[in-house]
Amino acid sequence: MCSVDADVTKTSPVSVTSKLPDVGVSIFAVMTRLANEHGAINLSQGFPDFDCDPALVDAVAVAMRQGHNQYAPMPGVLPLREAIASKVHTCYGATYDPQTEVQIVSGATAGLYATLTAFVHPGDEVILFEPCYDSYVPVIRLSGGTPVFVSLRYPEYRVDWDEVRRAITPRTKAILVNTPHNPTGTMWTADDITALTALVDGSDILLIGDEVYEHIVFDGRRHESLLRYPALRERACVISSFGKTFHTTGWKVGYCVAPQPILAEVQRVHQFMTFTVHTPSQWAFAEFAARDPLAEKLAPFYQQKRDLFLDLIEGSRFRPLACEGTYFQLLDYSAIARDHSDTDMAMRLIIEHGVASIPCSAFLYKDTGGPVLRFCFAKKEETLRAAAERLRQV
Ligand SMILES: Cc1ncc(COP(=O)(O)O)c(C=O)c1O
């Protein structure tokens, strides 16, 4: 058995000049550790506590037995790329060539890494809407780029398009759009798309669409994918994740779609990151993505969970903010402890009440954010019931 040497005081003759000096242990790891220490119910990290379809697991096993155990082609197995091209055509009316315009990646994180690394040169600026997912900023910085933040402000978290206009400079290389949005649960509207279209028209700005929650949308809302709009998709690389759609976050399989000249650059980087993605999983997803209607069932499935969670916390002193999509619910705690920072409140919730959440400041760089915590409701009914019971006591 191997053991991990926990001696963090060890020295090394290597001189370490960190490329990411500001990056420490992530808040997700901190909250999960605290949750474990205090036996708290963990609604912090964004993954289901229920299993994926066993037939999907069987499909991976079948692929393994059939001998799909060696490197897949660099862009991914063709039937999976074909299934993705067909899906984006059905969902968004966009036509992509599965041979040259679809890339399978090791989760959306790798797709984001490859895309940003391929396009961001030292001195380039990338416009981000904060709060934002935690991988964007470090990757931009690793490429020598500068993140330029536009704030989505508590409690509505809508885009201020004048602020975006002011943020665009001759150095703007890309605008990174995440809708449905983690952590706020907001979704872009057709008006947002119109505003973005007007702003990028005539420029050479790349759009990067992080659309991992594309199928988790509520109350009949339409996901405004960049892929729906010819004037946007011609300049966009859109990234999604099977982890969110098929309850398989641990498999780390996702994809990028983009016009060939853009995707070719993403592929230049991807081939030296992972080169290819776990082959049997790709075959399994190829089968499921082509025939399984899970994507269609996902919205009602998670809407039921969101509504259950909201019903269960009724009568508590937490105030839910609007959750239009994703599997995250923001709860406003200002009626409980207005003077607490969100990190203090999240700690208190774990230690005194046994529920783990994520403070929204973990997704912020510039703004101070509001008195809100993020709760993941991709959980079994009994988990949500137990957590809500504790939240009602706060
Ligand atoms: C907005 C957003 N983008 C990207 C990812 C990463 O997805 P993956 O696990 O497929 O790398 C996540 C995962 O939580 C996310 O919330």
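Quick caveat, the model's predicted, so the values are computed rather than measured.

Cut-off values and rules
Residues numbered from 1 in each chain as written. Predicted model: local features only at pLDDT ≥ 70, side-chain atom pairs only at ≥ 80, totals over all residues. Heavy atoms only, no water. 1 Å grid on protein atoms, 1.4 Å probe; cavity = no way out; pocket = protein on both sides within 12 Å on 5 of 7 lines; lining within 4 Å. Points joined across faces, edges and corners; volume = space filled by probe spheres on them. Helix = DSSP H or I, 4+ residues; strand = E, 2+ residues; numbered from the N terminus. Nonpolar A, V, L, I, M, F, W, Y, C, P; charged D, E, K, R; others polar. Pairing = 2+ DSSP bridges. Contact = heavy atoms within 4.5 Å. Axes fitted to C-alpha atoms, helices over the stretch in contact; angles between N-to-C directions. Patch = residues over 30% accessible without salt bridge, like charges linked within 9 Å, V, L, I, M, F, W, Y side chains within 5 Å. Areas by Shrake-Rupley, 256 points an atom, 1.4 Å probe, with all protein chains shown as cover. Salt bridge = Lys/Arg side-chain N within 4 Å of Asp/Glu carboxyl O. Parallel < 35°, antiparallel > 145°, perpendicular 65-115°, else oblique. Left-handed = near helix turned anticlockwise from the far one by under 90°. Near = heavy atom within 4 Å. Polar contact = N/O pair within 3.5 Å; in protein donor to acceptor, adjacent residues only side chain to side chain. Phe/Tyr/Trp six-rings, centres within 6.5 Å; stacked < 30°, edge-to-face > 60°. Buried < 20%, exposed > 50% of the residue type's maximum accessible area, 1.4 Å probe, protein only.

Things to note about empty space enclosed by the protein
Applying the stated criterion to the full structure yields 3 cavities of 30 Å³ or more. In this structure, the largest cavity encloses a volume near 70 Å³. Around the largest cavity sit Leu128, Phe129, Pro131, Cys132, Tyr133, Tyr136, Leu152, Val159, Leu176, Asn178, His181 and Trp188, which together line it. Listed by contribution, the elements that provide at least two residues to the lining of the largest cavity are strand S3 (125–130) and strand S5 (172–178). In this structure, the second largest cavity occupies an estimated 50 Å³ of space. Its residues assigned to classes, the lining of the second largest cavity shows 5 nonpolar, 3 polar and 2 charged.

Some words on the sheet that holds strand S13 (residues 372–376)
In space, the 4 strands of this open sheet follow the order S9-S10-S13-S12, with antiparallel pairing throughout. Edge positions in the sheet fall to strand S9 (319–320) and strand S12 (358–359), since each of these pairs with one other strand and no more. Two strands pair when backbone bridges link them, and S9 and strand S10 (residues 328–332) are joined in this way by 2 bridges, in the antiparallel orientation. Paired with Arg319 across the bridge in S10 is Asp332. Relative to the sheet, helix H12 (residues 294–313) contacts S9, S10 and S13, its axis offset from that of S10 by approximately 20 degrees.

Some details on a nonpolar patch on the surface
Together, Tyr113, Leu142 and Met273 make up a nonpolar patch on the protein surface, roughly 210 Å² of accessible area in all. Secondary-structure assignment places Met273 in helix H10 (residues 260–273).

Re the packing of helix H1 (residues 27–37) against helix H14 (residues 342–353)
For the pair H1 and H14, the least separation of the axes is 9 Å and the interaxial angle reads 20 degrees. On the basis of the axis angle, H1 is roughly parallel to H14. Judged by the twist between their axes, the crossing of H1 over H14 is right-handed. Contacts between H1 and H14 involve Met31, Leu34 and Ala35 on the former and, on the latter, Ala346, Met347 and Ile350.

Looking at unusual backbone geometry
The omega angle of the peptide bond from Tyr154 to Pro155 is 0 degrees, so this bond is cis rather than trans. Here Pro155 is to be found in the loop between strand S4 (146–151) and helix H6 (161–167). In the segment running from Asn182 into Pro183, the intervening peptide bond is cis, with an omega of 15 degrees. Looking at the element boundaries, Pro183 is found in the loop between S5 and helix H7 (190–200). Its identity is not glycine, yet Asp219 carries a phi of approximately 55 degrees, on the positive side. Looking at where Asp219 falls in the secondary structure, it is placed in the loop between strand S6 (206–210) and helix H8 (230–233).

Notes on the site of the ligand
Taken together, Gly107, Ala108, Thr109, Tyr133, Asn178, Asn182, Asp210, Val212, Tyr213, Ser241, Lys244 and Lys252 make up the full set of residues adjacent to the ligand. Ser241 is positioned with one of its side-chain polar atoms (N or O) 2.6 Å from an oxygen atom of the ligand. Measuring from an oxygen atom of the ligand, one finds a side-chain N or O atom of Lys252 at 2.6 Å. Contact with the protein chains removes 93% of the 400 Å² of surface that the ligand exposes when unbound.

Remarks on the environment of Tyr365
Its location among the elements puts Tyr365 in the loop between S12 and S13. Through-space distance from the C-alpha of Tyr365 to that of Val137 is 9.2 Å; in sequence the pair is 228 residues apart. Each residue touching Tyr365, except ones within four places of it in the same chain, is listed here: Glu130, Cys132, Asp134, Val137, Pro138 and Phe149.

A closer look at the environment of His247
Summarising the element assignment, His247 is placed in the loop between helix H9 (242–245) and strand S8 (254–257). Residues His247 and Leu298, 51 residues apart in the sequence, show an inter-C-alpha distance of 9.9 Å. The residues contacting His247, other than those within four sequence positions of it, are Pro48, Phe50, Cys52, Phe242, Leu294, Leu298, Phe301 and Tyr302. A polar contact is formed between the side chain of His247 and the side chain of Tyr302, at a distance of 3.4 Å.

Let's talk about the packing of aromatic side chains
For the structure shown, the criterion picks out 22 aromatic pairs. Ring centres of Phe129 and Trp188 lie 5.7 Å apart, and the angle between their planes is 85 degrees; this geometry places the pair in the edge-to-face category. Placement of Phe129 in strand S3 and of Trp188 in the loop between S5 and H7 is noted, with a sequence separation of 59 residues between them. In this pair, the class of Phe129 matches that of Trp188, namely buried. Ring geometry for Tyr133 versus Tyr136: centroids 5.8 Å apart, planes at 65 degrees, classification edge-to-face. Among the residues examined, Tyr133 registers a relative accessible area of 26% and is labelled partly exposed. Under the relative-accessibility criterion, Tyr136 is labelled buried at 2%.

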